[in-house]
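# Descriptive structure summary
Here are the chains, one letter per residue:
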Amino acid sequence: MKRLLLLLPLLLSANEDFISHYEYGEMLYNNPRGVSCAQCHGANGEGKVIVKYREAKETKVIKGSDIRQKSLAQMVHTLNSFHEIMPRYYLTDEEVKTIYDYLQKKNEKYLSASQETADEK
Ligand code: HEC
């Protein structure tokens, strides 16, 4: 047992090398020390309906927004402030950047396509 404990830090640090920046971002997006971003912003950050309810015969919808085109600065700002629906997270700027990089990479195609249509306008 004692020997295993001595090995533990070694195993943990070795583990870090095996997960890439992208995988780390994926992990943080889905499990960010709090409610998963994917629950409200969808698997790729494309946005998603959180709840629908009826109030005074009207259907109301609460949505998590499409965050694929948000800048890193916007993301850092949002994650460091309080909101009505979105929880307050306590992630470091480095962690937020990792999530940002993950979404950028995951949505590479979508983002370059929307960049092209923006150029045409
Ligand atoms: C409980 C649902 C929920 C969760 C979980 C959540 N969000 Fe949000 N998020 C929202 C909603 C709703 C908004 C719209 C603004 C508001 O709530 O004030 C938002 C806004 C944002 C915005 C700003 C978008 C804009 O329009 O400017 C970003 C960026 C963002 N979220 C990123 C994240 C990330 C990254 C995570 C995970 C660490 C996360 N959110 C987790 C619901 C959520």
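Quick note: structure is the one above.
These numbers were taken from a predicted model, which means no experiment stands behind them.

Calculation criteria
Residues numbered from 1 in each chain as written. Predicted model: local features only at pLDDT ≥ 70, side-chain atom pairs only at ≥ 80, totals over all residues. Heavy atoms only, no water. Donors = N, O, S within 2.8 Å, 3.2 Å for Na, K, Ca; no water. Buried < 20%, exposed > 50% of the residue type's maximum accessible area, 1.4 Å probe, protein only. Helix = DSSP H or I, 4+ residues; strand = E, 2+ residues; numbered from the N terminus. Contact = heavy atoms within 4.5 Å. Polar contact = N/O pair within 3.5 Å; in protein donor to acceptor, adjacent residues only side chain to side chain. Patch = residues over 30% accessible without salt bridge, like charges linked within 9 Å, V, L, I, M, F, W, Y side chains within 5 Å. Areas by Shrake-Rupley, 256 points an atom, 1.4 Å probe, with all protein chains shown as cover. Salt bridge = Lys/Arg side-chain N within 4 Å of Asp/Glu carboxyl O. Near = heavy atom within 4 Å. Nonpolar A, V, L, I, M, F, W, Y, C, P; charged D, E, K, R; others polar. Core = buried A, V, L, I, M, F, W, Y, C linked by side-chain atoms within 4.5 Å. Arc of directions from axis to C-beta. Phe/Tyr/Trp six-rings, centres within 6.5 Å; stacked < 30°, edge-to-face > 60°. Lys NZ or Arg CZ within 6 Å of the ring centre and 35° of its normal.

## A look at the coordination of the iron atom of the ligand
- Taken together, H41 (NE2) and M86 (SD) make up the protein donors of the iron atom of the ligand, found 1.9 to 2.2 Å from the metal.
- Exposure remark for H41: the relative accessible area of 11% places this residue in the buried category.
- Using a relative accessible area of 22% as the deciding quantity, one classes M86 as partly exposed.

## Considerations on the environment of R33
- Relative to the assigned elements, R33 resides in the loop between helix 2 (21-30) and helix 3 (37-41).
- The spacing of R33 and L91 is 58 residues in sequence and 8.1 Å in space, taken between C-alpha atoms.
- Once you skip the residues sitting within four places of it in the chain, R33 turns out to touch Y89, Y90, L91 and E95.
- A distance of 3.1 Å separates a polar atom in the side chain of R33 from a polar atom in the side chain of E95.

## So, a nonpolar patch on the surface
- Taken together, the side chains of I50, V51, Y53 and I85 define a hydrophobic patch exposed on the protein surface, amounting to about 310 Å² of accessible area.
- Positionally, I50 belongs in strand 1 (residues 48-55).

## A few points about the site of the ligand
- Around the ligand sit 18 residues, and of these C37, C40, H41, M86 and Y89 come closest.
- Separating a nitrogen atom of the ligand from a side-chain N or O atom of H41 is a distance of 2.8 Å.
- Interatomic distance of 3.5 Å between a side-chain N/O atom of K70 and an oxygen atom of the ligand.
- When residues of the shell around the ligand are traced back to their parent elements, those giving at least two are helix 3 and helix 4 (72-79).
- Among the residues making up the shell around the ligand, the classes are represented as 11 nonpolar, 5 polar and 2 charged.

## Topic: the nonpolar core
- Of all hydrophobic cores here, the largest spans 14 residues; its most connected members are Y29, M75, L91, I99 and L103.
- For this core, the elements supplying multiple residues, two or more each, are helix 2, helix 3, helix 4 and helix 5 (93-106).
- The dominant element in this core, judged by the number of residues it contributes, is helix 5, at 5 residues.
- Leave out the neighbours within four places in its chain, and M75 touches I67, V96, I99, Y100 and L103.

## Here we look at the pattern of salt bridges
- For the structure on display, the rule yields 5 salt bridges.
- The salt bridge involving E108 is made with K105; its shortest N-O contact spans 3.5 Å.

## Re helix 2
- Along helix 2, the residues that are buried comprise G25, L28 and Y29. Mapping the buried residues of helix 2 onto a view down its axis gives an arc of 100 degrees, with all of them on the same face.
- In this structure, the buried side of helix 2 is in contact with helix 3 and helix 5.

## Comments concerning the packing of aromatic side chains
- The full count for this structure, using the stated rule, is 2 aromatic pairs.
- Between the aromatic rings of Y22 and Y102, the centroid separation amounts to 5.1 Å while the plane-to-plane angle is 55 degrees, which identifies the pairing as tilted. Linking Y22 in helix 2 with Y102 in helix 5, this pair joins segments that are 80 residues apart in sequence.
- Relative to Y102, the ring of Y29 has its centre 5.8 Å away and its plane inclined at 45 degrees; by these criteria the two rings are tilted. With Y29 in helix 2 and Y102 in helix 5, this residue pair connects regions lying 73 residues apart in the sequence.
- The class for Y29 is buried, based on a relative accessible area of 0%.
- Through successive ring pairs, a cluster of aromatic residues spans Y22, Y29 and Y102.
- Here the guanidinium or amino end of R68 rests over the ring plane of Y110, the centre of that ring lying 3.6 Å away.
- A cation over an aromatic ring shows up here: R88 above the ring of F82, its NZ or CZ 5.4 Å from the ring centre.

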